[in-house]
Amino acid sequence: MNAAMNAAMNAAMNAAMNAALAELWPYLLLILVGYLPNEMWRVLGLVLARGLNEDSEIVVWSRAVATAIIAGVIAKLILFSAGALAGIPLSVRIGAAVCGFLAFLAVKRSVFAGVLVGEAVLLLGGFLFAQ
Amino acid sequence: MSVPGPFNSNAAAFFGGVKSAWTSVFFLVLMGTYIGIGALAHDFGLSSWWLALSTLLVWAAPAQVILVSALGTGAAPIEVAIAVGLSAIRLFPMVVALLPLLRGPGTRLRELLLPTHFTSVSMWVESLRLLPGMPRVRRVAFCNGLSVGYMGTAATFGFVGYYLAAGLPPLFAGTLLFLTPMSFLISTANNCRQMVDRLALVLGLTLGPLLTYWHVGLDLMWTGVVGGSLAYGVHRLRQAAA
């Protein structure tokens, strides 16, 4: 085999490996930054499953941290929307979220009623004020 | 609703659990939530099988929403891992509270591995409600059936949302995408039991977008740590004053 053929084969193999890696990369990320950091708390609970109750201070603090993170994600999804949701004006998205929340409070704290009203307002507003 | 059972065998307890899952209010909650997450995954360019696998492995809707939206916008992997890890701390006390209900005199550790992985809000709430009225020997099987019922529902409707978002006109696809923030906002507010939780919710809603707007690195981590700790600090001060 001459050098040129060798180089061509190496390049082809590299390209194939890169393609395989690009396809597997999201799955590797899923394991490393999704599954493991999430699962470790469950396993820790299994290992240390004694002597903690719902009202201990560390549990109250960790619930507050988790709530704030989720709230941050929610607000970002509404304010800095991507894709199809970005086509609906910001004021409509905020208005729909506020209406949904108020409906939840008004209708005996019904999650279902809140989501339904929020979605209806979004659909109507998106229809009327399409960009 | 009355407690199901008594069951003659573990298989009967397992299928009793599946049936409980499909007839509980969480069936609708999971349906809506995972249709939304499916649409989100489509929007951020992840595959439908990736989403299904994340449902089986991660099995925590908030962590999956963080994972999908952060990976989709190209956040640094370490930042995503920290945000997912912080969002999942709540699983620890949930497992701690659940296992004493499942453990009997002859229960082996490996029987508890699956229920530990299955622990999530929906399964946890229903288990704590239903397990105490059930014979101890059937509880693990019932709990596994319940979880498989919920997980199957979530995985199925993830696909539904994914392909609906792919095929619908933009306005309707946008409405599907709105399901995630809308349902999470309301169910998180609904789960707020004390002042500290409500305060954390408001602080997170404010800090999250502000830190993003100011281009602060690791914005989700700081939203959680700063917002959560501030809320906790106020809670302690109020307790001290009372």
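Residues numbered from 1 in each chain as written. Chains lettered and ligands numbered in written order. Predicted model: local features only at pLDDT ≥ 70, side-chain atom pairs only at ≥ 80, totals over all residues.

Q: Can you tell me about the overall build of chain B, naming the residues and giving the values?
A: Scanning chain B from N- to C-terminus turns up 12 helices and 0 strands. Reading chain B from its N end, one meets helices and strands in the order α-α-α-α-α-α-α-α-α-α-α-α. Relative to its full complement of 242 residues, chain B shows a buried share of 52%. Restricting to contacts in chain B with at least 6 residues of sequence separation, those with at least 24 account for 75%. (Helix = DSSP H or I, 4+ residues; strand = E, 2+ residues; numbered from the N terminus. Buried ≥ 20, exposed ≤ 12 C-beta atoms within 10 Å, placed from the backbone. Contact = placed C-beta atoms within 7 Å.)

Q: Residues and numbers for the overall build of chain A, please.
A: Of the regular secondary structure elements, chain A holds 5 helices and 0 strands. Mapped in sequence order, the helices and strands of chain A form the string α-α-α-α-α. Expected size for 131 residues packed as a compact globule is a radius of gyration near 14 Å; at 25 Å, chain A overshoots this value by more than 25%. If you line up chain A on its principal axes, its C-alpha atoms span 80 × 55 × 20 Å. For chain A, the residues scored as buried account for 37% of the 131 residues in total. When contacts within chain A are restricted to residue pairs at least 6 apart in sequence, long-range pairs at least 24 apart make up 38% of them. (Rg over C-alpha atoms; globule rule 2.2 N^0.38 Å.)

Q: Which residues make up the interface of chain B and chain A, and what values go with them?
A: Listed per partner, the contact involves 77 residues of chain B and 63 residues of chain A. Considered class by class, the residues forming the side of chain B that touches chain A number 52 nonpolar, 22 polar and 3 charged. (Nonpolar A, V, L, I, M, F, W, Y, C, P; charged D, E, K, R; others polar.)

Q: So what's going on with the packing of helix H8 (residues 121-130) of chain B against helix H9 (residues 136-167) of chain B? Which residues, and what values?
A: Residues and elements named next belong to chain B. It is the contact of H8 with H9, at a shortest axis distance of 10 Å, that shows an interaxial angle of 145°. Both H8 and H9 take part in a crossing whose hand is right-handed. Contact with H8, carried on its side by Ser-122, Met-123, Glu-126 and Ser-127, involves Cys-143, Leu-146, Ser-147 and Tyr-150 of H9 and no other residues of that element. Of the residues in the contact of H8 with H9, the class split is 4 nonpolar, 3 polar and 1 charged. (Axes fitted to C-alpha atoms, helices over the stretch in contact; angles between N-to-C directions. Left-handed = near helix turned anticlockwise from the far one by under 90°.)

Q: Please give an account of the environment of B:Gly38 that cites residues and values.
A: Residues and elements named next belong to chain B. Its place among the elements puts Gly-38 in helix H2 (residues 25-43). When the 31 C-beta atoms within 10 Å are taken as the criterion, Gly-38 is described as buried. In this structure, the C-alpha to C-alpha distance between Gly-38 and Phe-142, residues 104 residues apart in sequence, is 28 Å. Contacts of Gly-38, omitting those with residues within four sequence positions, involve Leu-51, Phe-157, Gly-158, Phe-159, Val-160, Gly-161, Tyr-162 and Ala-165.

Q: Hey, could you go over H8(B) for me, with residue numbers and the actual values?
A: Residues and elements named next belong to chain B. Every buried residue of H8 is accounted for by Ser-122, Met-123, Glu-126, Ser-127 and Leu-130. Buried residues of H8 fall within an arc of 115° about the axis and therefore sit on the same side. Buried positions along H8 lie against helix H1 (10-22), H2, helix H6 (91-102), helix H7 (113-118) and H9. (Arc of directions from axis to C-beta.)

Q: Describe H1(B), with residues and values.
A: Residues and elements named next belong to chain B. With 13 residues, H1 extends 19 Å between its outermost C-alpha atoms, agreeing within 8% with the 18 Å of an ideal straight helix rising 1.5 Å per residue. Within the span of H1, buried status applies to Ala-13, Phe-14, Gly-16, Gly-17, Ser-20 and Ala-21. Angular distribution of buried residues about the axis of H1 spans 160°; they occupy a single face of the element. For H1, the secondary structure elements touched by its buried residues are H2, H8 and H9. (Expected span 1.5 Å × (residues − 1).)

Q: Just give me the short version of unusual backbone geometry, but keep the residues and values in it.
A: In most cases, non-glycine residues show a negative phi, while peptide bonds are predominantly trans. Of note in this structure, A:Arg109 is not a glycine but carries a positive phi near 50°. Within the secondary structure, A:Arg109 sits in the loop between helix H4 (90-106) and helix H5 (111-128). Accessibility expressed as a C-beta count within 10 Å gives 12 for A:Arg109, which makes it exposed. Despite not being glycine, B:Leu218 has its phi angle at roughly 50°, a positive value. Locating B:Leu218 in the fold gives a position in the loop between helix H11 (195-213) and helix H12 (219-241).

Q: Tell me about the packing of helix H1 (residues 3-47) of chain A against helix H3 (residues 48-57) of chain B, residues and numbers included.
A: The contact between H1(A) and H3(B) brings their axes to 11 Å, and the two run at 25°. With respect to H3(B), the axis of H1(A) lies roughly parallel. The handedness of the crossing between H1(A) and H3(B) comes out as right-handed. Contacts from A:Pro26, A:Tyr27, A:Leu30, A:Gly34 and A:Tyr35 in H1(A) reach B:Trp50, B:Leu53, B:Ser54 and B:Leu57 in H3(B). (Parallel < 35°, antiparallel > 145°, perpendicular 65-115°, else oblique.)

Q: Any details on the confidence of the model for chain A? Residues and values, ideally.
A: Detailed reading of predicted coordinates is not advised where the pLDDT is low. Averaged over all residues, the pLDDT of chain A is 87; the fraction at 70 or higher stands at 94%. Mean pLDDT across the secondary structure elements of chain A bottoms out at helix H3 (residues 83-86) of chain A, with 84, and peaks at H4(A), with 97. (pLDDT = per-residue confidence, 0-100.)

Q: So what's going on with the environment of B:Leu46? Residues and values would help.
A: All names here are of chain B. Following the sequence through the fold, Leu-46 ends up in the loop between H2 and H3. Given 20 C-beta atoms within 10 Å, Leu-46 falls into the buried group. The sequence separation of Leu-46 and Leu-205 amounts to 159 residues, and the corresponding C-alpha distance is 26 Å.

Q: I'd like a rundown of the nonpolar core, residues and numbers included.
A: The biggest cluster of nonpolar side chains holds 108 residues, and the ones touching the most others in it are A:Ile74 and B:Leu177. The greatest single-element share of this core, amounting to 14 residues, is contributed by helix H2 (residues 57-79) of chain A. Residues contacting A:Ile74, with those up to four places away along its chain left out, are B:Pro181, B:Phe184, B:Leu185 and B:Leu205. (Core = buried A, V, L, I, M, F, W, Y, C linked by C-beta atoms within 7 Å.)

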